[in-house]
2 protein chains.
Amino acid sequence: MIDQGISKQTLQRLPFYLGYLKTLDKVTVETVSATTIAEALNLNQVQVRKDLASVCSLGRPKIGYVTQELICEIEHFLGYDNAESAVIIGAGKLGKALLGYRGFEEYGLNIVAAFDADENVVGTEENGKKIFPMSKLKNLCERMKIHIGIITVPAEYAQRVCDSLVESGILAIWNFAPVHLTVPEHILVQNENMASSLAVLSKHLSQKFSEEAQKIG
Amino acid sequence: MIDQGISKQTLQRLPFYLGYLKTLDKVTVETVSATTIAEALNLNQVQVRKDLASVCSLGRPKIGYVTQELICEIEHFLGYDNAESAVIIGAGKLGKALLGYRGFEEYGLNIVAAFDADENVVGTEENGKKIFPMSKLKNLCERMKIHIGIITVPAEYAQRVCDSLVESGILAIWNFAPVHLTVPEHILVQNENMASSLAVLSKHLSQKFSEEAQKIG
DNA sequence: CGTATATCGATATATCTTTATCGATATAAT
DNA sequence: ATTATATCGATAAAGATATATCGATATACG
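What you are looking at is a predicted structure, and each value in this text was computed from that prediction instead of being measured.

What counts and how
- Residues numbered from 1 in each chain as written.
- Chains lettered and ligands numbered in written order.
- Predicted model: local features only at pLDDT ≥ 70, side-chain atom pairs only at ≥ 80, totals over all residues.
- Heavy atoms only, no water.
- Helix = DSSP H or I, 4+ residues; strand = E, 2+ residues; numbered from the N terminus.
- Buried < 20%, exposed > 50% of the residue type's maximum accessible area, 1.4 Å probe, protein only.
- Areas by Shrake-Rupley, 256 points an atom, 1.4 Å probe, with all protein chains shown as cover.
- Contact = heavy atoms within 4.5 Å.
- Buried area = accessible area lost by both parts, 1.4 Å probe.
- Salt bridge = Lys/Arg side-chain N within 4 Å of Asp/Glu carboxyl O.
- Polar contact = N/O pair within 3.5 Å; in protein donor to acceptor, adjacent residues only side chain to side chain.
- Nonpolar A, V, L, I, M, F, W, Y, C, P; charged D, E, K, R; others polar.
- Near = heavy atom within 4 Å.
- Axes fitted to C-alpha atoms, helices over the stretch in contact; angles between N-to-C directions.
- Parallel < 35°, antiparallel > 145°, perpendicular 65-115°, else oblique.
- Least-squares fit on C-alpha atoms with pLDDT ≥ 70 in both.
- Pairing = 2+ DSSP bridges.
- Right-handed = clockwise from strand over helix to strand, strands pointing away.
- Phe/Tyr/Trp six-rings, centres within 6.5 Å; stacked < 30°, edge-to-face > 60°.
- Lys NZ or Arg CZ within 6 Å of the ring centre and 35° of its normal.

## With respect to the overall build of chain A
A tally of regular secondary structure across chain A gives nine helices and nine strands. Residues counted as buried form 46% of the 217 residues belonging to chain A. In the form shown here, chain A has an accessible surface area of approximately 11000 Å², with 51% of it arising from carbon and sulfur atoms.

Have a look at this one:
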């Protein structure tokens, strides 16, 4: 398995493959071809084949891939069988929603606690997970060897929180605040920027509308 | 302004530019250069210049762009001054968190209501927004000319919900369910797939760890 | 047993995205 | 006024990603 130099795009498609494969019946669908997967997910078949090649053992001509093997290999590749612990900074609505979401366990993510500067939420719990004051962040991260930090604070505090996380030994940051974060080279920031997604949506709409207008006018 | 054929990547960077520009002092920072923006956001200056060129009026050599003008032009381009209405399908934890998030208004998104199949939440309110039964979806969307649908239901229901949205006249879908959605050609699906983001994060970590192991071993 | 077909992997081509380079221009400094 | 410099826009080069093509191979069918 060559897991170096896999592209971000491929990485992001793998969960879609996995989701599709899991909808297939274990008993009847013993094998599955790249062609079939591609059709189900509206992708190019060569793309699917290439993506799978970078993750899994050989497929067989005319047959495809052994479904259950493929599932295991993708899951292993994505680390679903080797959970990482994470902390959430910011126990507002979004932070609490993420704390309460049980799906993350399935994806190999184990959120162990949240932190917040607001004294009113510190000390409370959400989904059985405690909310600590910011002062405890570094100690807890180091003690529990936590490497993932999730930022769900308002934009104006995000960089400061980010710096604290880096100082606490965090190596990867999942940033829900709509700002750019500056970090040392070895730290990864994955932005979940709702504003960016909305930009794509609303541009699509305005283009549709201007097309309509042109047809009519 | 040529807003056709702008790339998705450019579109997704625009909100970052905007956020940065808004942190600048209105009085003292009358103009700003692509170089400055690029440095602040860790981007290539040519990329920034090209992105801005596709959105805004001319910059001036040696000077750059007029900050306030640039802000207005990006906001207008992204439709922040021309709000679109949206509905949320799925009033679970995530759906409610999104209903409660006030930041969307700033981005030109106005969530007017939520829908859910669960009778226990139907009839309740969140952040002053009502939760309706699924049976009311089509009527409300048509009556209020709603074109954006946000899907926050579990994966297994997502495609069915998606079909209902399309039937209700929705043109763009923001999908938080971790599955691929099949839609007619003219409909846009923007996936906010947490599993994909996590895949990127956890791969970065496992790579870091294997690098470390190699150094030691 | 030979032929047709679905599929694979590999290689080649096309497209899209990012980065580098270069001449032009507006301001500041000498 | 001349020169230096920061910046622009445009064009070119490089790099990444997606798609098409082709020979090889495993099965099914006649």
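## Quick notes on the interface of chain A and chain B
Put simply, an interface is often sized by how much accessible area is lost when its parts join up. Contact residues are listed per partner, giving 55 residues for chain A and 55 residues for chain B. Here chain A and chain B share an interface that buries about 5200 Å² over both sides, 71% of which is from carbon and sulfur atoms. Area buried by chain A at its contact with chain B is led by Phe-16, Leu-201 and Lys-203 of chain A, which between them contribute 12% of it. Our count for the contact surface shared by chain A and chain B stands at zero salt bridges. Where chain A meets chain B, there are 14 residue pairs in polar contact (both at pLDDT 80 or more). Where the side of chain A that touches chain B is concerned, the elements lending two or more residues are helix H1 (8-23), helix H2 (34-41), helix H5 (93-100), strand S8 (172-175), strand S9 (188-191) and helix H9 (194-216) of chain A. Sort the elements by how many residues they give to the side of chain A that touches chain B and H9 of chain A lands first, with 15 residues. The class makeup of the residues in the side of chain A that touches chain B is 32 nonpolar, 15 polar and eight charged.

## A look at the protein's contact with DNA strand D
If you check the shell around DNA strand D, you find 21 residues, and the closest are Arg-60 of chain A together with Ala-34, Arg-49, Gly-59 and Tyr-65 of chain B. Looking at DNA strand D alone, sugar and phosphate atoms form 73% of those within 4 Å of the protein. Between DNA strand D and Gln-9 of chain A, the relevant distance is 3.1 Å, taken from a phosphate oxygen to a side-chain nitrogen or oxygen of the residue. In this structure, a phosphate oxygen belonging to DNA strand D sits 3.1 Å away from a side-chain N or O atom of Arg-13 of chain A. Of all elements in the fold, only H1 and helix H3 (45-53) of chain A together with helix H2 (34-41) of chain B reach the threshold of two or more residues within the surface near DNA strand D.

## Here's the deal with the packing of H1 of chain A against H3 of chain A
All names here are of chain A. Close contact between H1 and H3 brings their axes to 10 Å; oriented N to C, the two are set at 100 degrees. By the angle class used here, H1 and H3 are roughly perpendicular. Contacts from Thr-10, Arg-13 and Tyr-17 in H1 reach Gln-47, Val-48, Asp-51 and Leu-52 in H3. Taken together, the residues of the contact of H1 with H3 sort by class into three nonpolar, two polar and two charged.

## Regarding the relation of the copies chain A and chain B
When chain A is fitted onto chain B, the two copies agree to an RMSD of 0.0 Å after a turn of 180 degrees and an axial shift of 0.0 Å. Both copies of the chain, as the preceding transformation shows, are related through a two-fold rotation axis. Proximity to the rotation axis, assessed at the C-alpha, singles out Ala-97 of chain A in chain A; its C-alpha lies 3.2 Å from the axis. The overlap is high: 100% of the interface residues of chain A also sit at the interface in chain B, so the same surface is used on both sides.

## Quick notes on the pattern of salt bridges
All names here are of chain A. In this structure the tally under the stated criterion is eight salt bridges over all chains. For the salt bridge of Lys-22 with Glu-75, the shortest nitrogen-to-oxygen distance reads 2.7 Å. One end of the pair, Lys-22, is in helix H1; the other, Glu-75, is in helix H4 (residues 67-77), and 53 residues separate them in sequence. For Lys-22, a relative accessible area of 40% translates into the label partly exposed. You can call Glu-75 partly exposed: its relative accessible area is 21%.

## Points about the pairing of S8 of chain A
Residues and elements named next belong to chain A. Going residue by residue along S8, you find Ala-172 and Trp-174 tucked away on one face and Ile-173 and Asn-175 tucked away on the opposite face as well. As paired strands, strand S7 (residues 148-151) and S8 are joined by four bridges and run parallel to one another. Directly across from Ile-151, in S8, lies its bridge partner Asn-175. As a crossover connection, the stretch from S7 through helix H8 (residues 155-167) into S8 is right-handed. Here four bridges tie S8 to S9, and the two strands are oriented parallel to one another. Note on S9: the bridge partner recorded for Ile-173 is Val-189.

## Re the packing of aromatic side chains
Taken as a whole and assessed by the stated rule, the structure comprises ten aromatic pairs over all chains. With centroids separated by 5.6 Å and ring planes inclined at 35 degrees, the aromatic side chains of Phe-115 of chain A and Phe-132 of chain A adopt a geometry described as tilted. Placement of Phe-115 of chain A in strand S4 (residues 109-116) and of Phe-132 of chain A in strand S6 (residues 129-133) is noted, with a sequence separation of 17 residues between them. Grouping aromatic residues by their ring pairs yields a cluster made of Tyr-101, Phe-104, Trp-174 and Phe-176 of chain A. Above the face of the Phe-77 of chain B ring, Lys-203 of chain A is positioned so that its terminal group lies 3.9 Å from the ring centre.

## Looking at the environment of Ser-202 of chain B
With respect to the secondary-structure elements, Ser-202 of chain B resides in helix H9 (residues 194-216). A relative accessible area of 19% places Ser-202 of chain B in the buried class. Here the side chain of Ser-202 of chain B touches Leu-78 of chain A through a polar contact of 3.1 Å, landing on its backbone oxygen.

## Section: the sheet that holds strand S5 (residues 125-126) of chain B
All names here are of chain B. Overall, mixed pairing links the seven strands, which are arranged S5-S6-S4-S3-S7-S8-S9 in an open sheet. Edge positions in the sheet fall to S5 and strand S9 (188-191), since each has one partner strand and no second. Of the strands in this sheet, strand S3 (84-89), strand S7 (148-151) and strand S8 (172-175) are in contact with helix H8 (residues 155-167), which crosses S7 at around 170 degrees.

Don't take any of this as a statement about function, it's just geometry.
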